[in-house]
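Inside the fold
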Amino acid sequence: QVQVVQSGGGLVQPGGSLRPSCGTSGRSFSINTVAWFRQAPGKDREFAAGLRRSFSTPQYANSVKGRFTISGDKNTMYLEMNNLKSEDTAVYYCAVTSKNLILSTISSENAYDYWGQGTQVTVSS
């Protein structure tokens, strides 16, 4: 069993930055893929960024590429968010799995076993 606890998030003006974090405990040594998803009001949850332990190149959704950076390891994970836009407003979730996901499945929320409680990010002036 793995426990996932998130922190960070908050309110920021357009163009600003935030860095939510995600800590794991329990059988965290078994984690091989980590990711961040987000869910905007009235929309489905969507993939934002992912990182596989055995590969050094992270994956990003086109909507955040060049602005967001995923980093960390199986114990602590971060999502550095820069140049935030109003459309980035959402609840952000971190997710982890023991599977070393292939590229075509890293963006699928069904592939992840453990989830954080979510953290609100609001971008508004």
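For the structure, see preceding data.
First things first, this report covers the structure right here in the doc. This structure is a prediction, so every number in the text was calculated from the model and none was measured.

1. Some words on the side chain of Thr 89
Here Thr 89 shows up in the loop between β8 (76–81) and β9 (90–97). Residue Thr 89 is classed as buried on the basis of its relative accessible area, which comes to 18%. In terms of polar contacts, Thr 89 uses its side chain to reach the backbone carbonyl oxygen of Ser 86, at 3.0 Å. At 2.9 Å, the side chain of Thr 89 and the backbone nitrogen of Val 123 are in polar contact.

2. Digging into the nonpolar core
In this structure, Trp 36, Ile 70, Leu 79, Met 81, Tyr 92 and Tyr 112 are the most contacted members of the largest nonpolar core, which totals 33 residues. Looking at this core, the elements that each hand over two or more residues are β1 (2–7), β4 (33–39), β5 (46–52), β7 (68–72), β8, β9 and β11 (119–123). Of all the elements, β9 adds the most residues to this core, at 5 residues. Excluding its chain neighbours within four sequence positions, the residues that come into contact with Met 81 are Gly 16, Ser 17, Leu 18, Pro 20, Arg 67, Phe 68, Tyr 92 and Val 121.

3. Some words on the packing of aromatic side chains
Summed over the entire model, instances satisfying the criterion amount to 5 aromatic pairs. Both rings, one in Phe 37 and one in Tyr 112, keep their centres 5.4 Å apart while their planes meet at 75°; by these two values the pair is edge-to-face. With Phe 37 in strand β4 and Tyr 112 in the loop between β9 and β10 (114–115), this residue pair connects regions lying 75 residues apart in the sequence. When its relative accessible area of 1% is taken as the criterion, Phe 37 is described as buried. Of the residues examined, Tyr 112 reaches a relative accessible area of 5% and is grouped as buried.

4. A word on the pairing of strand β3 (residues 21–26)
Pairing geometry for β1 and β3, over 6 bridges, is antiparallel. Bridge pairing in β3 links Val 5 to Gly 23. In terms of strand pairing, β3 meets β8 through 3 bridges, oriented antiparallel. Bridged to Cys 22 within β8 is Met 77.

The rules behind these values
Residues numbered from 1 in each chain as written. Predicted model: local features only at pLDDT ≥ 70, side-chain atom pairs only at ≥ 80, totals over all residues. Heavy atoms only, no water. Helix = DSSP H or I, 4+ residues; strand = E, 2+ residues; numbered from the N terminus. Buried < 20%, exposed > 50% of the residue type's maximum accessible area, 1.4 Å probe, protein only. Polar contact = N/O pair within 3.5 Å; in protein donor to acceptor, adjacent residues only side chain to side chain. Core = buried A, V, L, I, M, F, W, Y, C linked by side-chain atoms within 4.5 Å. Contact = heavy atoms within 4.5 Å. Phe/Tyr/Trp six-rings, centres within 6.5 Å; stacked < 30°, edge-to-face > 60°. Pairing = 2+ DSSP bridges.

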